[in-house]
Amino acid sequence: MIQTLAFYLFAALVIASAVMVIMARNPVHSVLWLILAFFNAAGLMVLVGAEFIAALLLIVYVGAVAVLFLFVVMMLDIDFAELRAGFVKNFPLGIAIALVLAAELIFGIGAYQAGQLELGVASGVAAPALDASNTASIGAVLYRDYVFLFEAAGIILLVAMVGAIVLTHRRTENARGQQDISRQVRRNPDEATVMKQPEVGRGVDL
Amino acid sequence: MTEFFQSLGLTYEWAWGLATIAGILLIALPLMLSVAMVIYVDRKVWAAINLRRGPNVVGPFGLLQSFADGLKVFLQETIIPSAANKGIFILAPIVTFTVALAAWAVVPFSATAVLADINIGLLYILAISSLSVYGVVMSGWASNSKYPFFSAMRAAAQMISYEVSIGFILVCVVLFAGTFNLNDIVRAQEGFGLGVINAYGIHPLLFPMWVMFFISCLAETQRVPFDLTEAESELVAGYQTEYSSMSFALFWLGEYANILLMCILNALLFWGGWLPPIDWAPLYYVPGIVWLLLKTFFFFFMFSWVMATVPRYRYDQLMRLGWKVFLPISLGFVVVISGYLMATGHFG
Amino acid sequence: MVDLEQYLPILIFLFVAAALSALFVFLPMGVSRLTGAHKPDAEKLSEYECGFPAFEDPRSQFDVKFYLVAISFLLFDLEASFLFPWAVSLEYTGWTGWSAMVIFLGILAVGLAYEWKMGALDWQ
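Note that the structure is a prediction, hence the values are computed from the model and not measured. (Residues numbered from 1 in each chain as written. Chains lettered and ligands numbered in written order. Predicted model: local features only at pLDDT ≥ 70, side-chain atom pairs only at ≥ 80, totals over all residues. Heavy atoms only, no water.)

**Examining the overall build of chain B**
Broken down by element type, chain B carries 12 helices and zero strands. Overall, chain B shows an N-to-C arrangement of helices and strands of α-α-α-α-α-α-α-α-α-α-α-α. Taking 348 residues into account, the globule formula puts the C-alpha radius of gyration at 20 Å, and chain B, at 21 Å, falls close to it. Based on the C-alpha atoms only, the size of chain B along its principal axes is roughly 65 × 60 × 40 Å. (Helix = DSSP H or I, 4+ residues; strand = E, 2+ residues; numbered from the N terminus. Rg over C-alpha atoms; globule rule 2.2 N^0.38 Å.)

**Digging into the packing of aromatic side chains**
Residues and elements named next belong to chain B. As enumerated under the stated definition, the model contains 30 aromatic pairs over all chains in all. For the ring pair Phe213 and Phe270, a centre distance of 5.6 Å and an interplane angle of 40 degrees mean the geometry is tilted. With Phe213 in helix α8 (residues 207–220) and Phe270 in helix α10 (residues 245–270), the pair connects residues that are 57 residues apart, well separated along the chain. Overall, Phe270 belongs to the buried group, its relative accessible area being 0%. Note that Arg154 overlies the ring of Tyr315, its terminal NZ or CZ placed 5.6 Å from the centroid. (Phe/Tyr/Trp six-rings, centres within 6.5 Å; stacked < 30°, edge-to-face > 60°. Buried < 20%, exposed > 50% of the residue type's maximum accessible area, 1.4 Å probe, protein only. Lys NZ or Arg CZ within 6 Å of the ring centre and 35° of its normal.)

**Examining the UniProt feature "transmembrane region" (unreviewed entry) in chain A**
All names here are of chain A. With numbering aligned to this structure, UniProt lists the feature "transmembrane region" (unreviewed entry) at residues 6–24, 31–50, 56–78, 90–112 and 146–167. Regarding residues 31–50, the helix share stands at 85% and the strand share at 0%, and the terminal C-alpha atoms are separated by 25 Å. Each end of residues 146–167 is marked by a C-alpha atom, and these two atoms are 32 Å apart; helix forms 95% of the span and strand 0%. (UniProt positions renumbered as here; feature names shortened; annotations may be inferred.)

**Some points on the interface of chain B and chain C**
When the parts of a complex come together, some accessible area is lost, and that lost area is often used as the size of the interface. In this assembly, 83 residues from chain B lie in contact with 66 residues from chain C. Together, B:Glu77, B:Trp323 and B:Lys324 form the three largest contributors to the area buried by chain B at its contact with chain C, with a combined 10%. The interface formed by chain B and chain C includes zero salt bridges. Here chain B and chain C share three residue pairs in polar contact (both at pLDDT 80 or more) between them. Only α2 (12–49), α3 (65–75), α4 (86–102), α5 (121–143), α6 (146–177), α10 and α12 (315–343) of chain B provide two or more residues apiece to the side of chain B that touches chain C. Take the side of chain B that touches chain C: its biggest share by element is 16 residues, from α6(B). For the side of chain B that touches chain C, the class distribution of residues is 57 nonpolar, 18 polar and eight charged. (Contact = heavy atoms within 4.5 Å. Buried area = accessible area lost by both parts, 1.4 Å probe. Salt bridge = Lys/Arg side-chain N within 4 Å of Asp/Glu carboxyl O. Polar contact = N/O pair within 3.5 Å; in protein donor to acceptor, adjacent residues only side chain to side chain. Nonpolar A, V, L, I, M, F, W, Y, C, P; charged D, E, K, R; others polar.)

**Digging into the packing of helix α3 (residues 51–75) of chain A against helix α3 (residues 64–117) of chain C**
It is the contact of α3(A) with α3(C), at a shortest axis distance of 9 Å, that shows an interaxial angle of 170 degrees. Classed by the angle they form, the pair α3(A) and α3(C) counts as roughly antiparallel. Contacts between α3(A) and α3(C) involve A:Phe52, A:Leu56, A:Ile59, A:Val60, A:Gly63, A:Ala64, A:Val65, A:Leu68, A:Phe71, A:Val72 and A:Met75 on the former and, on the latter, C:Val64, C:Phe66, C:Tyr67, C:Ala70, C:Ile71, C:Phe73, C:Leu74, C:Asp77, C:Leu78, C:Ser81, C:Phe84 and C:Pro85. Looking at side-chain class alone, the contact of α3(A) with α3(C) contains 20 nonpolar, two polar and one charged residues. (Axes fitted to C-alpha atoms, helices over the stretch in contact; angles between N-to-C directions. Parallel < 35°, antiparallel > 145°, perpendicular 65-115°, else oblique.)

**Section: the interface of chain B and chain A**
Across the contact, 24 residues belong to chain B and 23 residues belong to chain A. Taking both partners together, chain B and chain A bury about 2000 Å²; carbon and sulfur atoms supply 75% of that area. Considering only the side of chain B, the residues that lose the most area to chain A are B:Ile120, B:Tyr134 and B:Trp141, jointly responsible for 27% of the buried surface there. For the interface between chain B and chain A, the tally reads zero salt bridges.

**Brief notes about the state of the cysteines**
All chains considered together, the criterion is met by zero disulfides over all chains. Free of any disulfide, B:Cys217 has its nearest neighbouring cysteine sulfur in B:Cys263, separated by 7.8 Å. (Disulfide = S-S within 2.5 Å.)

**Section: helix α2 (residues 27–47) of chain A**
Between its terminal C-alpha atoms α2(A) stretches 30 Å, which fits the 30 Å expected from 21 residues at 1.5 Å a residue. A:Gly49, located one to two residues past α2(A), shows a positive phi value of around 90 degrees. (Expected span 1.5 Å × (residues − 1).)

**Thoughts on the nonpolar core**
Counting 198 residues, the largest nonpolar core has B:Trp104, B:Leu269, B:Phe270, B:Ile337 and C:Trp86 as its most contacted members. In terms of residue count, the dominant contributor to this core is α3(C) (25 residues). Setting aside residues up to four positions removed in sequence, B:Phe270 forms contacts with B:Ile169, B:Val173, B:Gln189, B:Ala199, B:Tyr200, B:Gly201, B:Leu206, B:Met209, B:Trp210, B:Phe213 and B:Leu265. Core analysis: the next-biggest nonpolar cluster, separate from the first, contains six residues, A:Leu47, B:Trp16, C:Leu8 and C:Leu11 among them. (Core = buried A, V, L, I, M, F, W, Y, C linked by side-chain atoms within 4.5 Å.)

**Topic: the UniProt feature "transmembrane region" (unreviewed entry) in chain B**
When the UniProt feature table is mapped onto this chain numbering, "transmembrane region" (unreviewed entry) sits at residues 14–41, 88–106, 118–138, 159–180, 200–219, 249–271, 283–309 and 321–343 of chain B. Measuring from the first to the last C-alpha atom of residues 118–138 of chain B gives 30 Å, for a span that is 86% helix and 0% strand.

**Digging into a nonpolar patch on the surface**
On the surface, a cluster of nonpolar side chains totalling about 920 Å² of accessible area is made up of A:Leu9, A:Leu13, A:Ile15, A:Val19, A:Met20, A:Ile22, A:Met23, A:Trp33, A:Leu36 and C:Phe15. Among the elements of the structure, α1 (2–23) and α2 of chain A are those that each provide at least two residues to the nonpolar patch. Top element by residues in the nonpolar patch is α1(A). It accounts for seven residues. By the secondary structure assignment, A:Leu13 is in helix α1. Given a relative accessible area of 33%, A:Leu13 falls into the partly exposed group. (Patch = residues over 30% accessible without salt bridge, like charges linked within 9 Å, V, L, I, M, F, W, Y side chains within 5 Å. Areas by Shrake-Rupley, 256 points an atom, 1.4 Å probe, with all protein chains shown as cover.)

So, in structure tokens, the structure goes:
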């Protein structure tokens, strides 16, 4: 009973906040609605027993991706009039894409219902220790049977890292306030100070 | 507690519901009380280290100071700046405080006293504490004022920078414990050191991790020496500058609740949690919660101690410490610790 | 298996915490109206600036450095989330899993070294 109630609560909130993401005028509000959507999606994940995925949704999407979105949105100086003009211009294209996606969804579900496809049949070597928590089960499969995909994910992350630097990093030469800690530590009184005994009226050469 | 309510003649469902509500109140209300007291302790410790008296007027030894402050802000006028985005401006303190409270749902206070004993307790805490960025960013952005906005940006960048190394440090602990369940992590520490000491922290590979974790906790909660978001000379009062009344106080309460959470995590993950420090039978007669609170209090004392003695970092130094020191070291330790555990046959 | 009964208290806790926080925010608003402390005026409601009207839009100056920090954080956070299941499943995957992870970390260490070399980790 509670599970059903919780499902409808989360599902309704996901849909409502997803609609608000599109409808909100202020992009910052959109991102905040998106966070609410992620949060409720995590709730749905818990309901189907995928607690690790739920935690990942919160840690990665809410904790990192949405922060990035928020930064980007705050950084942009957005001209709303221009955005709306784009909305009218791109509206037919958007409708077309939505129709294609809907058609694909219908085909996909139809084909799956017809029983012609067998999706995600495990090789059988996986599926270790069923009593383990699902975090451990994911690990046991991912790092033994899908090592190649896992390493490929690593390469993708590397590409993303390099891409981010190439796109956003401006290298400034001899920047102000750059601290060289080893130089600071190496410095000793003998090098840093000199004793001078100037004669009266002569001054000091520095 | 469910059994107790069942013994009153209630059905299981009602008993469970009542027990849960009671448990939530038993966590939330003492937490708020201890936040109030801990602010007093904080001020007393700084005062003692600075050879001052600290709060000593309200109540015996000034014990009621925090409550007087609380009453004062409660009766103040709530000012919402005309330039602010009202909705988000009001929402920000609510988010901050809700998040600060929510993390406590999975903290085990003793072997049985835990509200939600979930498999991924540690991940839950990590996830919830990563949400605390939003309270800060929302308040800074919604204030629509220069200093809060700068402060919020600084705070957000700082919190996410240190969260990276906290994640890797937690992996090191989890490698030893083999689980994310906080209670099981505590149990795994029983007799860990030489068969007598109940703590992960004394292991030569984990001690440096604990030191880094402690420093990252200071940065994550924006305490001295990492309190750049509240650098008065640069940013007035930080992201709460435009706030007043209880909304302002909620940021403080949330901050101290987070500090207490970090202290209790130090105790749970590295220093044996609710286990006595030494695995010796008579010590087990003392209830687990007493040990846990003693350890937590000790770590809180360390937070205050640091606050009273250390000068503030500069922002580039803070970023350097997070990204160039803690991140590579904690990454290296993940490899070293897992290799060590594999080689010594820890995984059977 | 996942014990959903353990998650329900968290949901209830979230509601209680949110209700409590909302109470703390809205109650003083009502109280200050009752006690007469609520007296807003134009000066009080203007944003804080050191005694003069603000010159510019406070949100306009946002540095791209923050974006770089956020994206680095996102990548390393993803990396950490790959470590979580690995850390609890090493007993099943053994040396295979261990060496897979060391290679993965090696790849990302290259990325970190690149960031370092390019000065992306320096805050200027």
